[in-house]
Amino acid sequence: MAAPMELFCWSGGWGLPSVDLDSLATYARFTGAPLKVHKISNPWRSPSGTLPALRTSHGEVISVPHKIITHLRKEKFNADYDLSARQGADTLAFVSLLEEKLLPVLIHTFWIDAKNYVEVTRKWYAEAMPFPLNFFLPGRMQRQHMERLQLLCGEHRPEHEEELEKELYQDARECLTLLSQRLGSQKFFFGDAPASLDAFVFSYLALLLQVKLPSGKLQAHLRGLHNLCAYCTHILSLYFPWDGAEVPPPRQTPVSPETEEEPYRRRTQVLSVLAGLAAMVGYALLSGIVSVQRATPARTPGTGALGMAEGDEEE
Amino acid sequence: MCNLPIKVVCRANAEYMSPSGKVPFIHVGNQVVSELGPIVQFVKAKGHSLSDGLDEVQKAEMKAYMELVNNMLLTAELYLQWCDEATVGEITHARYGSPYPWPLNRILAYQKQWEVKRKMKAIGWGKKTLDQVLEDVDQCCQALSQRLGTQPYFFNKQPTELDALVFGHLYTILTTQLTNDELSEKVKNYSNLLAFCRRIEQHYFEDRAKGSSSIRLS
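Residues numbered from 1 in each chain as written. Chains lettered and ligands numbered in written order. Predicted model: local features only at pLDDT ≥ 70, side-chain atom pairs only at ≥ 80, totals over all residues. Heavy atoms only, no water.

**Q** Give a description of the overall build of chain B that names residues and reports values.
**A** Counting its secondary structure elements, chain B contains 10 helices and two strands. Listing every helix and strand of chain B by position from the N terminus yields α-β-β-α-α-α-α-α-α-α-α-α. Burial status across chain B gives 38% buried among its 218 residues. The contacts of chain B with a sequence gap of at least 6 include a subset with a gap of at least 24, amounting to 63%. Accessible surface computed for chain B: about 12,500 Å², of which carbon and sulfur atoms make up 52%. (Helix = DSSP H or I, 4+ residues; strand = E, 2+ residues; numbered from the N terminus. Buried < 20%, exposed > 50% of the residue type's maximum accessible area, 1.4 Å probe, protein only. Contact = heavy atoms within 4.5 Å. Areas by Shrake-Rupley, 256 points an atom, 1.4 Å probe, with all protein chains shown as cover.)

Rendered as structure tokens:
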């Protein structure tokens, strides 16, 4: 039998099963696909170098989200099986709406808005990633997102930036209101069983709702739409109960990333101390302050220590 | 469709005249409004609207479908014009650069092509092949066709902004001559969409259609 499929995605934080716009894990849960989910925070460890990525049972690696969903469908894990043709069409339309209107604002909120980026996004990624990566990878991701946003929104003239921002946020608020109206009082978008549209909507909304953002204008609007909030919590409790329990409450969150980075921190501490010692000893030996002599073992270490101290003071 | 008197003017530097860099735009009195969304709002503010009869859920659906069309059809059209080598070489460069003298026509065409390619890469279409793009167009047409069903317009008997947008794109796809006709073939597979286009063309563009190209069912 082929090995089960493995999904690599960003690990959880802020009370969510995954920090990235990862509709895939959600989708897979909805369909009950037998996936082994690896939650990692080092994108270089994933098989394709980026996250999310899916390693299929035949060993090939797919890393574009749409292709992953198509693959899951081909393997007969399809949550849209019961939908009528018209509902399928509606799904396509609403997904486009989300991508056009909500995605740019989400990118802006998490990566471009200065306060949010520094206090929340960069902090989480920097703490989660191992030692050398956390210096440049968040910055690189931010640049990529900024470029994407600029290209999506067309010409970006600095004097119109505020207007553009206002327009973007207005579009997003309208989009959220539209979603709320479409959902009405139903449990899921198409009746009583979740479909791929629910996966998409949930992944966007959950990020917005759960994360505590210092400047969350869109968040405030979303909290006002009660049926969407209830919808999110419903899905979280139904499909991700163990993930919700795993993640400790916000007070303890600073502790758990610390314990995770303990081995790295210890390692870097030891390494830096060793490096410092080696540098000092090497300098001392080379400049002749300390010379290793077999005779008079009692005095030489003493003069050696004094000599080293003098050398340090001179520096 | 709102029965407002307009005059269509073709200019080579239309993109630069527009405040947001995108066409189309309208010039009314001393105001300039660009892109479909703001134009619709503007016209609505003056008291003409096509979608007043829709309820909230229908309005949500209409917006969603408009985004779908923008997302899929518009991007596919751009892709075909600028990223498909055959079309670019034979048709697009010549057409885009025609109002300008040499070497400006070459430079501007290449610049626009580079810009479009960058945008495609940003939204993830850079690596798509022509077949995948055509498949996406097919999916989009299928969705539109299913939504239209047997009704005369997308929402009951009155045309709305969605009908205008869909008509605009489909008409362009069906009547523009390209090196390969696969795109228009995909659309022609859906007979209710064809009938829809014909109906709108006959209803609203009767006087103009006599001289210029009309939809050919070959």
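Let's pick the thread back up.
**Q** Which residues make up the interface of chain A and chain B, and what are the values?
**A** Every contact between the two is made by 21 residues of chain A and, on the other side, 23 residues of chain B. Together, the buried faces of chain A and chain B total about 2,200 Å²; carbon and sulfur atoms form 58% of this surface. Our count for the chain A to chain B interface comes out at three salt bridges. Measuring nitrogen to oxygen at the nearest pair gives 3.8 Å for the salt bridge that ties E61(B) to R182(A). The interface formed by chain A and chain B contains three residue pairs in polar contact (both at pLDDT 80 or more). Looking at the side of chain A that touches chain B, the elements that each hand over two or more residues are α3 (85-112), α5 (133-152) and α6 (161-183) of chain A. (Buried area = accessible area lost by both parts, 1.4 Å probe. Salt bridge = Lys/Arg side-chain N within 4 Å of Asp/Glu carboxyl O. Polar contact = N/O pair within 3.5 Å; in protein donor to acceptor, adjacent residues only side chain to side chain.)

**Q** Before we move on, can you summarise the confidence of the model for chain B with the specific residues and values?
**A** Residue and element names in this part refer to chain B. Of all residues in chain B, 77% attain a pLDDT of 70 or more, and the chain-wide mean is 74. Of all helices and strands in chain B, the one with the weakest mean pLDDT is helix α10 (residues 206-209) (52), whereas helix α9 (residues 191-204) scores best (83). Predicted confidence is poor over residues 208-218, with pLDDT under 50, and the contacts of this stretch with residues over four places away or in other chains come to 19 contacts. Scoring the predicted complex yields pTM 0.67 and, for the interface, ipTM 0.70. (pLDDT = per-residue confidence, 0-100.)

**Q** Kindly report on the packing of aromatic side chains, identifying the contributing residues and their values.
**A** Residues and elements named next belong to chain B. Evaluated as defined, the whole model comprises two aromatic pairs over all chains. Taking 6.5 Å as the distance between ring centres and 75° as the angle between the ring planes, the aromatic pair formed by Y153 and F196 counts as edge-to-face. Residue Y153 is found in the loop between α6 (130-148) and α7 (161-175), and its partner F196 is found in helix α9; the two are separated by 43 residues along the sequence. For the pair Y153 and F196, one class covers both residues: buried. (Phe/Tyr/Trp six-rings, centres within 6.5 Å; stacked < 30°, edge-to-face > 60°.)

**Q** Which residues make up the packing of α6(B) against α9(B), and what values do they have?
**A** All names here are of chain B. Look at α6 against α9: their axes get within 9 Å of each other, and the N-to-C directions meet at 70°. It follows that α6 is roughly perpendicular to α9 by the angle criterion. Here α6 contributes C141, L144, S145 and L148 to the contact with α9, which in turn contributes N192, L193 and F196. Residues belonging to the contact of α6 with α9 are distributed by class as follows: five nonpolar, two polar and no charged. (Axes fitted to C-alpha atoms, helices over the stretch in contact; angles between N-to-C directions. Parallel < 35°, antiparallel > 145°, perpendicular 65-115°, else oblique. Nonpolar A, V, L, I, M, F, W, Y, C, P; charged D, E, K, R; others polar.)

**Q** Hey, could you go over the environment of K128(B) for me, with residue numbers and the actual values?
**A** Residues and elements named next belong to chain B. Looking at the element boundaries, K128 is found in the loop between α5 (104-122) and α6. Between the C-alpha atoms of K128 and Y79, which are 49 residues apart in sequence, the distance is 9.5 Å. With residues up to four places along the chain from it excluded, the contact list for K128 reads Y79, V133 and D136.

**Q** Help me get a handle on the packing of α7(B) against α9(B), residues and values and all.
**A** To characterise two packed helices, one gives the angle between the axes of the helices and the distance between these axes. Residue and element names in this part refer to chain B. Two numbers describe how α7 lies on α9: the axes approach to 10 Å, and their chain directions differ by 105°. Relative to α9, α7 is oriented roughly perpendicular. On α9, the residues that touch D163, V166, F167, L170, Y171 and L174 of α7 are L193, L194, F196, C197, I200 and E201. For the contact of α7 with α9, the residue count by class is 10 nonpolar, no polar and two charged.

**Q** How would you explain the pattern of salt bridges if you had to name every residue and give the values?
**A** All names here are of chain A. Here the structure, examined in full by the defined rule, presents five salt bridges over all chains. Its salt-bridge partner being D90, residue R182 comes within 3.6 Å of it at the nearest N-O pair. With R182 in helix α6 and D90 in helix α3, this residue pair connects regions lying 92 residues apart in the sequence. The exposure class assigned to R182 is buried, which follows from its relative accessible area of 13%.

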